[in-house]
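# Coordinate inspection notes
What follows is the residue order along each chain.
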Amino acid sequence: MMTPKSYPFYLKSTVILFGLVLLTCIFFYLSDILIPLAFALMLAILLNPLCVRLEKLKIPRVFSIVISLLAAFIIFGSIGYFLFSQAANFTEELPVFQKKIHELFGQVKEWLDSRLGMGVTKQNEFLHDFQTSAKPLVGRTVGTVLGVFAMIFLIPVYTFLFMFYKTLLLNFFYESFDDNHSKEVGVVLRQTKGAVQSFMLGLLLESLVVAILNSIALLLLGVKYAILLGVLGALLNILPYIGGIIAISLPVLIATVTKDGFNTQIGIVIAYLIIQFVDNNFLVPYLVSSKVKINALVSIVVVLLGGALWGIPGMFLSIPFIGVLKIVFDRVPELKTWGKLLGDEVTTARRFGRNKTTRVE
């Protein structure tokens, strides 16, 4: 019997690195195709329990899938219609906001000139450089917005096909492994499917509760467009740390433009910090599966990488993607070490080999 040939570490690491670079290039250049597919796969997994329940009621699979898609369309369509209608009302008052923002900028320029000695000419040069550097980002954002209209038509089609060919796709995974491992593959697939569904449903419920809490807080503080800002804050809350900062900045900016003094801004910061505390300590542990907690370092890096790779959709897809990846890693014995690396469990012992450990000083 021939012994398997072993390769040196530097050769294996080079091959792995080359594979990762090649995979990243594929993801980048095929983003227009892969982004709708990723959203459709998430939606198909989320709608699968409803479709299965309808099939148990003797409803044919095609009609079960169509009914599930209609239910999702009504829910997400209602949210989208509300956001667009509120945004339309906001644009009507945009000239007033622009005027007040211009006045605030004038006051900031005078303060910088008098307190820090930064002349108006130098400030204008800095703003010009910032606008020049921001143009590519604005162009990419506009491209993303245009891409949304394409996704509106592609995602339902892809979702329908994923759900219709579910058995075919599952059989592919079963047949990709030896018969000796088919039972283990089935266990991993069932556990992963259940965990992904609970994870994504938990994210939706968490966003709903955070949106309600944000809106109530902003309404009590008398902030304009409180419900719109509350819902946007809940959506941004999916992005760890970065989204929270943007979610606080938006109502603070609106309050600064529409109100005198700083009492409202202070109230917004305090309210959002309380909501974040409730979210992190109660909503996430109970609504989102605790088995899918990702540590802060990985969360930030993954969000930034997702933004660099796929723009705004990539930032929103990055957290569910890494959550799904951790679910799979935790359930495959050979990949459990990678699952621990993604998780937020902090240990005080450093491990040497399989059995030897020592305390980290």
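## Here's the deal with the overall build of the protein chain
- When helices and strands are tallied, the protein chain shows twelve helices and two strands.
- Counting from the amino terminus, helix and strand elements in the protein chain follow one another as α-α-α-α-α-α-α-α-α-α-α-α-β-β.
- Buried residues in the protein chain amount to 29% of all 361 residues.
- Sequence-distant contacts, at least 24 apart, represent 65% of the contacts inside the protein chain between residues at least 6 apart.
- Of the roughly 24600 Å² of accessible surface on the protein chain, 71% is carried by carbon and sulfur atoms.

## Regarding the packing of helix α9 (residues 242-258) against helix α10 (residues 263-287)
- Between α9 and α10, the least distance of the axes is 9 Å, while the angle of their chain directions is 160°. Compared by their axis directions, α9 and α10 come out roughly antiparallel. Between α9 and α10 lies a crossing of right-handed hand. Facing A247, I248, P251, V252, A255 and T256 of α9, the residues of α10 in contact are T264, Q265, I268, V269 and Y272.

## Section: the pattern of salt bridges
- Under the definition given, this model contains one salt bridge.
- E55 is paired through a salt bridge with R61; the nearest N and O atoms lie 3.8 Å apart.
- Judged by relative accessible area, E55 falls into the partly exposed class, the value being 27%.

## Topic: the nonpolar core
- Counting residues in each nonpolar core, the largest one holds 14 residues, and the members touching the most others are I35, L43, L47, I65, I155 and M163.
- M163 has contacts with A44, L47, N48, C51, R61, I65 and S68, leaving out every residue within four places of it along the chain.

## Some remarks on the packing of aromatic side chains
- As enumerated under the stated definition, the model contains four aromatic pairs in all.
- Here F27 and W310 contribute two aromatic rings whose centre-to-centre distance is 5.9 Å and whose plane-to-plane angle is 55°, an arrangement assigned as tilted. Of this pair, F27 sits in helix α1 (residues 9-29) while W310 is found in helix α11 (residues 296-331), placing the two residues 283 residues apart along the sequence.
- In this structure F27 comes out as partly exposed when scored by relative accessible area, which is 29%.
- With 5.0 Å between their ring centres and 85° between their planes, F164 and Y165 make a pair best called edge-to-face.

## Concerning the side chain of S68
- As for its placement among the helices and strands, S68 is situated in helix α3 (residues 61-92).
- Excluding residues that lie within four positions of it along the chain, S68 makes contacts with L47, L50, C51, L54 and M163.

## Some points on the environment of S215
- Along the polypeptide, S215 turns up in helix α7 (residues 182-220).
- In this structure the C-alpha to C-alpha distance between S215 and L229, which are 14 residues apart in sequence, comes to 7.2 Å.
- Apart from the residues lying within four places of it in its own chain, the contact partners of S215 are A226, I227, G230 and V231.
- A distance of 2.8 Å separates a polar atom in the side chain of S215 from the backbone oxygen of A211.

## Digging into a nonpolar patch on the surface
- A cluster of nonpolar residues, I75, F76, I79, L201, L204, L205, L208, I212, I216 and L220, forms a patch on the protein surface that exposes about 930 Å² of accessible area.
- Sorting the residues of the nonpolar patch by element identifies α3 and α7 as the ones contributing at least two each.
- Tallying contributions element by element places α7 first for the nonpolar patch, with seven residues.
- Secondary-structure assignment places I212 in helix α7.
- Classification of I212 as partly exposed rests on a relative accessible area of 43%.

## So, helix α8 (residues 226-236)
- Among the eleven residues that make up α8, eight are buried, leaving the element largely enclosed by the rest of the structure.
- Taken as a whole, α8 has its buried residues at A226, L228, L229, G230, V231, G233, A234 and L236.

## Notes on the packing of helix α2 (residues 31-56) against α11
- One way to put it is that α2 packs onto α11 with a least axis distance of 11 Å and a crossing angle of 35°. Seen along the crossing, α2 lies across α11 with a hand that is left-handed. In contact with S31, L34, I35, A38, F39 and M42 of α2, α11 contributes W310, P313, L317 and P320.
- For the contact of α2 with α11, the per-class residue count stands at nine nonpolar, one polar and no charged.

## Observations regarding empty space enclosed by the protein
- If you walk through the whole model with that rule in mind, you get two cavities of 30 Å³ or more.
- In this structure, the largest cavity encloses a volume near 40 Å³.
- Forming the boundary of the largest cavity are N48, C51, V52, E55, R61, M163 and K166.
- Examining the composition of the lining of the largest cavity, we find that four residues originate from one element, α2, more than from any other.
- Looking at the lining of the largest cavity residue by residue, the classes come out as three nonpolar, one polar and three charged.
- The space that makes up the second largest cavity amounts to roughly 30 Å³.
- Lining the second largest cavity are V210, N214, G233, N237, A247, Y272, I275 and Q276.
- In terms of residue count, α10 provides more of the lining of the second largest cavity than any other element does, three residues in total.

Rules behind the numbers
- Residues numbered from 1 in each chain as written.
- Predicted model: local features only at pLDDT ≥ 70, side-chain atom pairs only at ≥ 80, totals over all residues.
- Heavy atoms only, no water.
- Helix = DSSP H or I, 4+ residues; strand = E, 2+ residues; numbered from the N terminus.
- Buried < 20%, exposed > 50% of the residue type's maximum accessible area, 1.4 Å probe, protein only.
- Contact = heavy atoms within 4.5 Å.
- Areas by Shrake-Rupley, 256 points an atom, 1.4 Å probe, with all protein chains shown as cover.
- Axes fitted to C-alpha atoms, helices over the stretch in contact; angles between N-to-C directions.
- Parallel < 35°, antiparallel > 145°, perpendicular 65-115°, else oblique.
- Left-handed = near helix turned anticlockwise from the far one by under 90°.
- Salt bridge = Lys/Arg side-chain N within 4 Å of Asp/Glu carboxyl O.
- Core = buried A, V, L, I, M, F, W, Y, C linked by side-chain atoms within 4.5 Å.
- Phe/Tyr/Trp six-rings, centres within 6.5 Å; stacked < 30°, edge-to-face > 60°.
- Polar contact = N/O pair within 3.5 Å; in protein donor to acceptor, adjacent residues only side chain to side chain.
- Patch = residues over 30% accessible without salt bridge, like charges linked within 9 Å, V, L, I, M, F, W, Y side chains within 5 Å.
- Nonpolar A, V, L, I, M, F, W, Y, C, P; charged D, E, K, R; others polar.
- 1 Å grid on protein atoms, 1.4 Å probe; cavity = no way out; pocket = protein on both sides within 12 Å on 5 of 7 lines; lining within 4 Å.
- Points joined across faces, edges and corners; volume = space filled by probe spheres on them.

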